[in-house]
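Here's the letter readout for the chains.
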Amino acid sequence: MFDDLRDLYQEVILDHGRNPRNFGRPDSFNRTAKGDNPMCGDKIAVYLTLAPDGSIQDAHFDGRGCAISQASASLMTEILKGKSQAEAEALFGHFHDMCTKDDHEHTDHGPVDEEAFEKLQVLSGVREFPMRVKCATLAWHAMNAALHGEEKTSTE
Ligand code: ZN
């Protein structure tokens, strides 16, 4: 990766880590799940508001953890707004592959919102650090659990 691109990615992660978007438990929501990453000590709760048609109207999170877990959750809540559940799950699948697999090994998770996926590229560096993959994907696991009506998820 080019150094200046790496620096840009670093900057975006630091910015989201320091000033997380959509942080805090909202007054109203209709789905929630907690995510726990004991390896690093990250704990996150995701709060979703689903519209009557099932699409994600609003997304928030709170919790504590390392900069990667916080930045990933922050980015995720920004990206999810207005997405259908199928789109959210496709993004999760593509994101998980990006964090864990080489490009040619990616599986088909269905059509993905390219613009949204592009924003997640800032976290692609975690692929070189297997320990951090769980930090980066924690919020997504929690979001997925919330969509499926589960209250908790753990990376263990
Ligand atoms: Zn972490």
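Just so we're clear, the structure is a prediction, and the values are computed from it rather than from any experiment.

A.B. asks: Can you explain unusual backbone geometry? Please cite residues and give values.
C.D. replies: In this structure, Asn22 is a non-glycine residue whose phi angle is positive, near 55°. Turning to its location among the elements, Asn22 is positioned in the loop between helix 1 (3-18) and strand 1 (31-37).

A.B. asks: Explain the pairing of strand 3 (residues 56-64) to me, using residue names and the numbers behind them.
C.D. replies: For strand 2 (residues 42-50) and strand 3, the ladder comprises eight bridges, and the chain directions are antiparallel. If you follow Thr49 over to strand 3, its bridge partner there is Asp58. From the end of strand 2 to the start of strand 3, which pair antiparallel, there are five residues, and Gly54 there has a positive phi angle of about 95°.

A.B. asks: I'd like to hear about the environment of Val133, residue by residue, with values.
C.D. replies: Considering the arrangement of structural elements, one finds Val133 in helix 5 (residues 130-147). A relative accessible area of 10% means that Val133 is categorised as buried. As for Val133 and Ser69, which are separated by 64 residues in sequence, their C-alpha atoms are 9.3 Å apart.

A.B. asks: Can you lay out the environment of Val122 for me, pointing to particular residues and giving the numbers?
C.D. replies: Here Val122 lies in the loop between helix 4 (114-120) and helix 5. Val122 sits 111 residues away from Glu11 along the chain, and the two C-alpha atoms are 9.1 Å apart.

A.B. asks: Go over the sheet that holds strand 4 (residues 152-154) with me, naming the residues and quoting the values.
C.D. replies: As summarised here, the arrangement of the four strands in space is 3-2-1-4, forming an open sheet in which the pairing is mixed. Every other strand in the sheet has two partners, leaving strand 3 and strand 4 as the edge strands with one partner each. Shown here is a sheet whose adjacent strand axes are inclined to one another by a mean of 20°, direction ignored. Where strand 1 lies against strand 4, three bridges are found, and the strand directions are parallel. Pairing of Asp36 across the sheet is with Ser154, part of strand 4. Across the sheet, helix 2 (residues 67-80) touches strand 2 and strand 3, and the angle it forms with strand 3 is around 170°. Across the sheet, helix 5 touches strand 1, strand 2, strand 3 and strand 4, and the angle it forms with strand 1 is around 150°.

A.B. asks: Describe in detail the confidence of the model for the protein, supporting the description with residues and values.
C.D. replies: Detailed reading of predicted coordinates is not advised where the pLDDT is low. When pLDDT is averaged along the protein, the result is 93, and 99% of the positions lie at 70 or above. Ranking the helices and strands of the protein by mean pLDDT puts strand 2 first, with 98, and helix 1 last, with 86.

A.B. asks: Run through the coordination of the zinc ion, naming residues and quoting values.
C.D. replies: In this structure, Cys40 (SG), Asp42 (OD), Asp42 (OD), Cys66 (SG) and Cys135 (SG) serve as the protein donors to the zinc ion, at separations of 2.2 to 2.7 Å. Taken in sequence order, the residues that donate to the zinc ion follow the motif C-x1-D-x23-C-x68-C. On the criterion of sequence distance, the pair formed by Asp42 in strand 2 and Cys66 in the loop between strand 3 and helix 2 is long-range, its members being 24 residues apart. There is no split in this pair, since Asp42 and Cys66 are both buried.

Procedures and definitions
Residues numbered from 1 in each chain as written. Predicted model: local features only at pLDDT ≥ 70, side-chain atom pairs only at ≥ 80, totals over all residues. Heavy atoms only, no water. Helix = DSSP H or I, 4+ residues; strand = E, 2+ residues; numbered from the N terminus. Pairing = 2+ DSSP bridges. Buried < 20%, exposed > 50% of the residue type's maximum accessible area, 1.4 Å probe, protein only. Axes fitted to C-alpha atoms, helices over the stretch in contact; angles between N-to-C directions. Contact = heavy atoms within 4.5 Å. pLDDT = per-residue confidence, 0-100. Donors = N, O, S within 2.8 Å, 3.2 Å for Na, K, Ca; no water.

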